[in-house]
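# Commentary on secondary and tertiary structure
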Amino acid sequence: MKNISRRKFTAYTCFFAALFVGGIFAAPRLYAKKTPLRPPGALEEREFLATCIKCGQCVQVCPYHSLSMFDITQLNSIGTPYIDARKRGCYLCDLFPCVLACPTGSLRHDITSAADVSMGVAFVKDMQSCLTYKKQRVASEDLAQILKHSNKNDREAQTLERVGGYIGEECSICANMCPYPQREQAIVMFESSEGAVLPKIESKCVGCGVCAELCPSGVISVIPRKNYEEIYR
Ligand code: SF4
Ligand code: SF4
Ligand code: SF4
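Now for a look at the structure at hand.

### Structural notes on the site of ligand 2
Within the structure, ligand 2 sits among 14 residues, and C178, I187, C205, C208 and C211 are positioned closest to it. Of the residues assigned to the shell around ligand 2, the class counts are 12 nonpolar, 2 polar and no charged.

### Comments concerning the nonpolar core
The biggest cluster of nonpolar side chains holds 54 residues, and the ones touching the most others in it are A122, C174, C178, I187 and C211. Elements that contribute at least two residues to this core include exactly strand 2 (81-83), helix 4 (97-101), strand 3 (120-124), helix 7 (173-177), helix 8 (210-214) and strand 6 (220-224). Residues in contact with C178, not counting those within four places in the same chain, are R183, A186, I187, V210 and C211.

### Regarding the pairing of strand 3
Here strand 3 lies mainly inside the structure; 5 of its 5 residues are buried. Strand direction decides the pairing type here: strand 3 and strand 6, joined by 5 bridges, are antiparallel. Bridged to F123 within strand 6 is S221.

### Side note on unusual backbone geometry
At L95, a residue that is not glycine, the phi angle is positive and equals roughly 70°. With respect to the helices and strands, the residue L95 is situated in the loop between strand 2 and helix 4. Residue class for L95 comes out exposed when judged on the 10 C-beta atoms lying within 10 Å of it. Phi at K135 is positive, roughly 55°, even though this residue is not glycine. Relative to the helices and strands, K135 is located in the loop between strand 3 and helix 5 (140-143). Take K135: there are 10 C-beta atoms within 10 Å of it, and that puts it in the exposed class.

### Some thoughts on the environment of M119
Among the structural elements, M119 can be located in the loop between helix 4 and strand 3. Each C-alpha atom of the pair M119 and G41 lies 7.5 Å from the other, and the pair is 78 residues apart in sequence.

Conventions and cut-offs
- Residues numbered from 1 in each chain as written.
- Chains lettered and ligands numbered in written order.
- Predicted model: local features only at pLDDT ≥ 70, side-chain atom pairs only at ≥ 80, totals over all residues.
- Near = placed C-beta within 6 Å.
- Nonpolar A, V, L, I, M, F, W, Y, C, P; charged D, E, K, R; others polar.
- Core = buried A, V, L, I, M, F, W, Y, C linked by C-beta atoms within 7 Å.
- Buried ≥ 20, exposed ≤ 12 C-beta atoms within 10 Å, placed from the backbone.
- Helix = DSSP H or I, 4+ residues; strand = E, 2+ residues; numbered from the N terminus.
- Contact = placed C-beta atoms within 7 Å.
- Pairing = 2+ DSSP bridges.

Listed below in structure tokens is the structure:
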């Protein structure tokens, strides 16, 4: 009888330990799904929702067409701006036109440099699907969808042209296209002890989502409204 109880106890312990460990790994993904990625300088979410007047000025002036406004399916956020990083990240423009255009300060006007931005933090969700981990070069099919992203002006065209230049090459798109001015402080490629070359998110990542947009394998996402310390330490 005692043995059965001990076996049951061990089974319950293993079950709850698995739930706990699973929770740790699943939490960033769940959080990323329910919290929207806001433009640079956005106030804390509740304050942002209370002060944004849904004027769309930030959306209008963004030269990269990074911003969209939530529709009626997002009831409490309807009309507010967000970024779908897989479609177009934020390129951290000089002078932040979106911030300057915001009439209410919902996008904080004291944001003046990329170092002031804190949108979230990038997260490599499936390292084994990264092209360099698999030792594969970038094929044109890998970039087919990305090269269809918005291409309405010179800035957008130059960005897509740079990405297209990786066809046939080893991938380091995420690390090389990061718009943070000192990008090696935000993301680097490093060689693991097993000899695989992999991207590594560094402490200055601001969660702009450009690496998530341009990754040909789609293995990077942004965890909105979290910082490096919260996710990696
Ligand atoms: S910083 Fe530039 S790319 Fe980013 S949302 Fe603002 S205007 Fe758009
Ligand atoms: S690593 Fe660079 S490109 Fe990726 S989210 Fe961070 S700052 Fe943006
Ligand atoms: S962009 Fe970065 S994460 Fe994506 S396949 Fe290339 S090296 Fe890997």
